[in-house]
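# Commentary on secondary and tertiary structure
Here's the letter readout for the chains.
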There are 2 protein chains.
Amino acid sequence: MRVISKAGEYGLRALLYMVSENGEQEYVNIRDMSEKLDISFHFLTKILQNLTQKGLLRSYRGPNGGVAFLIPPESIYLTDLIKALEGDDFFDKCLLGLPGCGEAQPCPMHNFWKEIKDKLKSEFAHTTLADLGQAIRKQRFRLIP
Amino acid sequence: MRVISKAGEYGLRALLYMVSENGEQEYVNIRDMSEKLDISFHFLTKILQNLTQKGLLRSYRGPNGGVAFLIPPESIYLTDLIKALEGDDFFDKCLLGLPGCGEAQPCPMHNFWKEIKDKLKSEFAHTTLADLGQAIRKQRFRLIP
DNA sequence: AATTTTTAAGATAAAATACTCCTTTATGCA
DNA sequence: TGCATAAAGGAGTATTTTATCTTAAAAATT
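Below, the structure is looked at part by part. In this text the structure is predicted, and so the values were computed from the model without any measurement.

Calculation rules
Throughout this description, residue numbers start from 1 for each chain and increase along the sequence as written. Chain A is the first chain written and ligand 1 is the first ligand written, with later ones labelled in order. Only residues with pLDDT of at least 70 are given local features in this predicted model, and only at 80 or more are side-chain atom pairs given and counted; all residues enter the totals for whole chains, interfaces and linings. To obtain the side-chain values, all non-hydrogen atoms of the structure were included, while hydrogens and water were left out. Runs of H or I in DSSP of at least four residues are treated as helices and runs of E of at least two as strands, each being numbered from the N terminus. Accessible surface is estimated by sampling points in the Shrake-Rupley manner with a 1.4 Å probe; for residues, cover comes only from the protein chains shown. As used throughout, the charge tally considers Lys and Arg to be positive and Asp and Glu to be negative, leaving His and the chain termini uncounted. Every charge is mapped to an atom, namely NZ of Lys, CZ of Arg, CG of Asp or CD of Glu. Being near a molecule or strand, for a residue, comes down to having at least one heavy atom within 4 Å of it. Definition of a polar contact: a pair of N or O atoms within 3.5 Å, with one able to donate and the other able to accept a hydrogen when the atoms are protein atoms, and with sequence-neighbouring residues admitted only if both atoms are side-chain atoms. To line up the copies, we fit them by least squares on C-alpha atoms, keeping just the residues with pLDDT of at least 70 in both. What makes two residues a contact is simply this: any of their non-hydrogen atoms within 4.5 Å. To get an axis, fit a line to the C-alpha atoms, keeping to the stretch in contact for a helix; angles then go from 0 to 180 degrees between the N-to-C directions. Note on angle classes: values under 35 degrees are labelled roughly parallel, values over 145 roughly antiparallel, values of 65 to 115 roughly perpendicular, and the remainder oblique. For this classification, Asp, Glu, Lys and Arg are treated as charged, while Ala, Val, Leu, Ile, Met, Phe, Trp, Tyr, Cys and Pro are nonpolar and the rest, including Gly, are polar.

### Details of the overall build of chain A
Scanning chain A from terminus to terminus reveals 6 helices and 2 strands. Taken along the three principal axes of its C-alpha coordinates, chain A extends 55 × 30 × 25 Å. Here chain A displays about 7,300 Å² of accessible surface, and carbon together with sulfur accounts for 48% of that area. Positive and negative charge centroids in chain A, built from 19 and 18 side chains respectively, lie 4 Å apart.

Now the structure itself:
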């Protein structure tokens, strides 16, 4: 059960790196990050470009350039991040993939799945990137393989 | 958030069709099913072949042949079906896809996600194909597009 | 202005997933 | 026995996702 795509994972991991591992320098170098996290530089570039276009990050070229948060990580909620990375319909899929399943004609698993999705949604809706970063530091979770 | 692959969806839908739409005839014709459910015949064949090999279905060639349940749908639990369709590691993935996340070194979302997975698991572990079929009949859910 | 460092963008390649086709084998029926 | 039917099995194609390469453009340093 892959919940989040590779691209989504990499994006999330990079932002967590920016939040938790990086000091207070504004712009984080993408090449550097790609090497530390062992993610293809060009692929990561694409993913972060997307987040820049969607207004979560800002970027700066030239020496000492890179990407930085446009919105402070304290106000980046996972819901928004996941939607930016995975698409807006992330939370709207039928568990069984049954055609026509929805509120109007719920499949046998619809309500059960809705409950679970709602839980996931609300967890994502009130945890921020900063929260995750803090937890990572606290638990000493190694982001870097 | 695609939880189940296309192949998994088709397989599940076909079995639900067999449970709920089909009369009491033993073998269900795959071509017929593929047309009714609007799934590619060849693709569906592959999927059901897999279930036959895994011992959930049996098949019969020749006129009036098709596939039938080897195990009665009353004792096919979703856990087993999903594992057969999607692979045994279905319930073992990290939500954030963080490398190294596990019981030994849980990521910040690990316990939260474990809870949700456990809920899903236990729901799947005690609902059978027959249960779903019954619900479909009761709710008059249309399997056929 | 030239050089360096970095993002931006588009084209291409590899891998995974989704889907198709064709031949073989088993079965039923005339 | 011969023909039609239906699944099994193997190989092949297409599409999507993931990843890489190549070139261009922007910005800072010298």
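### Section: the protein's contact with DNA strand D
Close to DNA strand D lie 25 residues; Ser40, Tyr60 and Arg61 of chain A together with Lys46 and Ser59 of chain B are nearest. For DNA strand D, the fraction of protein-proximal atoms (within 4 Å) that sit in sugar or phosphate groups is 63%. Gln49 of chain B is positioned with one of its side-chain polar atoms (N or O) 3.2 Å from a base nitrogen of DNA strand D. Listing elements by their share of the surface near DNA strand D, those giving two or more residues are helix 1 (6-20) and helix 3 (41-53) of chain A together with helix 3 (41-53) and strand 1 (57-60) of chain B.

### What about the relation of the copies chain B and chain A?
After a rotation of 180° and a shift along the axis of 0.0 Å, chain B superposes on chain A with an RMSD of 0.1 Å. Read as a symmetry element, the transformation amounts to a two-fold axis. By residue overlap, the copies meet face to face through one surface: 100% of the interface positions of chain B are interface positions in chain A.

### A word on the packing of helix 1 of chain A against helix 3 of chain A
All names here are of chain A. At their nearest, the axes of helix 1 and helix 3 sit 10 Å apart, and the two run at 75° to each other. The orientation of helix 1 relative to helix 3 falls into the category roughly perpendicular. Contacts between helix 1 and helix 3 pair Ala7, Tyr10, Gly11, Ala14 and Leu15 from the former with Phe43, Leu44, Ile47, Leu48 and Leu51 from the latter. When the residues that make up the contact of helix 1 with helix 3 are grouped by side-chain class, the tally is 9 nonpolar, 1 polar and no charged.

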